Amino acid sequence: MARKGVDPKIPGQGQPVDAATDLLWRDNNNFAEVFSKAVFNGTPIDPSKLKDLNAVESTMLRMTDGSTTTLKQTRDVIKSLDTGAWLVILGIENQTHIDFLMPFRVYELNFINLARQVEDIRKKHLAERKEAKEQGKQGNDRKTVSSDEYLGLFYSDDKLNPVITLVIYYGEEEWKKPLKLSDLFVETPFNSFADDMPMYLLDVRHMSKEKLDSYSPALNAFFGFLVYDHTDEFDNFIAKHNQTFSNLPDQTIDALIEITHSPELEKYKKDYRTAKGGVNVCYGIQESNKRTFVEAA
């Protein structure tokens, strides 16, 4: 028997959705696992190497006429992965509806981070030059700086850290397109020559059973609840994962409440607390089904 009494509307319509889902992915273990499975084809990520970054990103762009303009974006979750040998910037964007500009939004988010990195490098070189001048030295700690490097404030050995963004989509309608920047282009014979960028997307409710089962019990429960919600397989899924759903962490149930807007889950969180500090969703569903049966009789 599927879960009763819940409005099956598309979640998130007309409502902001980021607080609880953001907290779920700010957990380094969850973040590392979903990036490993959804982006890096199972290549493991060490959660201890992840560090939270400022979600509000801004950079100043220099225009050709000498003026400047500031670009600013707020990310849902952004972390650095620093192995000591290299560093990469990883971000997650939560979506409960299909945004047909999403590839461009991701392109914009990544660009602003890269532009800020360039600006930081330029500021660093300016500070080096100022310090060298004050100390009466020539140049900086490098032996030579070419005229091109000097004018561009970006040297041949300067490098940018790559930026990768994963979009996690929780809506009921399957996300078929857009999946890359070129999906937004008008058709021309020259599209293959234009900039393009694939968008990493996890369409939660339409992932395969094989993919779902590859996740740890905690994320399997979170994703699976959304995959099987409003289906005849829902109760079987809950029963199969009875151990997890008998003590579901607040972090997980808060994210599910935020996505589904379920008054039932809110009641479970309030009324069916466990001694371990979680929520007994299994018992809550059993009680709800009993009430439904009595009312129907």
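Thresholds, definitions, all that
Residues numbered from 1 in each chain as written. Predicted model: local features only at pLDDT ≥ 70, side-chain atom pairs only at ≥ 80, totals over all residues. Heavy atoms only, no water. Helix = DSSP H or I, 4+ residues; strand = E, 2+ residues; numbered from the N terminus. Buried < 20%, exposed > 50% of the residue type's maximum accessible area, 1.4 Å probe, protein only. Areas by Shrake-Rupley, 256 points an atom, 1.4 Å probe, with all protein chains shown as cover. Expected span 1.5 Å × (residues − 1). Salt bridge = Lys/Arg side-chain N within 4 Å of Asp/Glu carboxyl O. Core = buried A, V, L, I, M, F, W, Y, C linked by side-chain atoms within 4.5 Å. Contact = heavy atoms within 4.5 Å. Axes fitted to C-alpha atoms, helices over the stretch in contact; angles between N-to-C directions. Parallel < 35°, antiparallel > 145°, perpendicular 65-115°, else oblique. Left-handed = near helix turned anticlockwise from the far one by under 90°. Nonpolar A, V, L, I, M, F, W, Y, C, P; charged D, E, K, R; others polar. Phe/Tyr/Trp six-rings, centres within 6.5 Å; stacked < 30°, edge-to-face > 60°. Lys NZ or Arg CZ within 6 Å of the ring centre and 35° of its normal. Pairing = 2+ DSSP bridges.

Caption draft 1: Spotlight on the overall build of the protein chain. Scanning the protein chain for helices and strands turns up 11 helices and seven strands. For the protein chain, buried positions account for 42% of its 297 residues. In the form shown here, the protein chain has an accessible surface area of approximately 16600 Å², with 53% of it arising from carbon and sulfur atoms.

Caption draft 2: Here's a closer look at helix α3 (residues 102-134). Helix length check: α3 (33 residues) gives 48 Å between terminal C-alpha atoms against 48 Å at 1.5 Å per residue, within 8%. Taken from the residues just after α3, Gly-136 is the one with a positive phi, measuring 70 degrees.

Caption draft 3: Molecular detail of the pattern of salt bridges. Going through the model one piece at a time under the given rule, you end up with 15 salt bridges. Residue Glu-93 pairs with Arg-105 through a salt bridge whose shortest N-O separation is 3.9 Å. In this pair, Glu-93 is assigned in strand β5 (residues 87-95) and Arg-105 in helix α3, connecting sequence segments 12 residues apart. Owing to a relative accessible area of 27%, Arg-105 belongs among the partly exposed residues under this scheme. Its salt-bridge partner being Lys-267, residue Asp-271 comes within 2.7 Å of it at the nearest N-O pair. On the criterion of helical spacing, the pair formed by Asp-271 and Lys-267 is a turn pair, its members being four residues apart in helix α10 (residues 263-271). Since its relative accessible area comes to 34%, Lys-267 is described here as partly exposed. What you see here is one network of salt bridges that share partners, running through Glu-93, Asp-99 and Arg-105.

Caption draft 4: Representation of the nonpolar core in the model. Ranked by size, the top nonpolar core spans 48 residues in total, and within it Trp-25, Phe-222 and Phe-223 carry the most contacts. At eight residues, helix α6 (residues 217-228) tops the list of elements feeding residues into this core. Setting aside its immediate chain neighbours within four residues, Trp-25 contacts Asn-30, Phe-31, Val-34, Val-77, Lys-79, Ile-92, Asn-94, Ile-168, Tyr-170, Leu-219, Phe-222 and Phe-223. With eight residues, the next largest nonpolar core counts Ile-98, Met-102, Val-106 and Tyr-169 among its residues.

Caption draft 5: Here's a closer look at the side chain of Gln-117. Checked against the element boundaries, Gln-117 lands in helix α3. Among residues more than four places away in sequence, those in contact with Gln-117 are Ile-89, Leu-160, Asn-161 and Val-163.

Caption draft 6: Up close: the packing of helix α9 (residues 250-260) against α10. At a minimum axis distance of 9 Å, the contact between α9 and α10 shows a crossing angle of 155 degrees. In terms of orientation, α9 lies roughly antiparallel with respect to α10. Considering the relative orientation of α9 and α10, their crossing is left-handed. Counted together, Asp-250, Ile-253, Asp-254, Leu-256, Ile-257 and Thr-260 of α9 and Leu-265, Glu-266 and Lys-269 of α10 form the full contact between these two elements. Tallied by class, the residues present in the contact of α9 with α10 amount to four nonpolar, one polar and four charged.

Caption draft 7: Structural context of the packing of aromatic side chains. Evaluation of the coordinates by the stated rule reveals 14 aromatic pairs. Look at Phe-237 and Phe-245: their rings are 5.9 Å apart centre to centre, the planes differ by 75 degrees, and that puts the pair in the edge-to-face class. Three or more aromatic residues link up through ring pairs in this structure, and these residues are Trp-25, Tyr-170, Tyr-215, Phe-222 and Phe-223. One Lys or Arg, Lys-37, reaches over the ring of Tyr-215 and ends 5.0 Å from the middle of that ring.

Caption draft 8: Quick look at the sheet that holds strand β7 (residues 200-203). The strand order β1-β4-β5-β6-β7 describes an open sheet built from five strands, whose pairing is mixed. The outermost strands of the open sheet, each flanked by one partner alone, are β1 (50-52) and β7. When the angles between neighbouring strand axes are averaged without regard to direction, this sheet yields 25 degrees. Its contacts with the sheet put helix α1 (residues 19-26) on β1, β4 (77-82), β5 and β6 (163-169), and the angle it makes with β4 is roughly 10 degrees. Packed onto the sheet, helix α2 (residues 28-38) meets β1, β4, β5, β6 and β7 and runs at close to 90 degrees relative to β5.

Caption draft 9: Region of interest: α9. α9 sits mainly inside the fold: eight of its 11 residues count as buried. Among the residues making up α9, those that are buried are Thr-252, Ile-253, Ala-255, Leu-256, Ile-257, Glu-258, Ile-259 and Thr-260. Positive backbone phi, approximately 55 degrees, marks His-261, located one or two places after α9.

Caption draft 10: Just the side chain of Asp-229, in detail. Tracing the chain through its elements places Asp-229 in the loop between α6 and α7 (234-240). Judged by relative accessible area, Asp-229 falls into the buried class, the value being 6%.

Caption draft 11: Up close: the packing of α1 against α2. In the contact formed by α1 and α2, the axes pass within 5 Å of each other and the chain directions differ by 85 degrees. Judged on the interaxial angle alone, α2 and α1 are roughly perpendicular. Taking contact as the criterion, the partners of Leu-24, Trp-25 and Arg-26 in α1 are, on α2, Asn-28, Asn-30, Phe-31 and Val-34. Partitioned by chemical class, the residues of the contact of α1 with α2 number four nonpolar, two polar and one charged.

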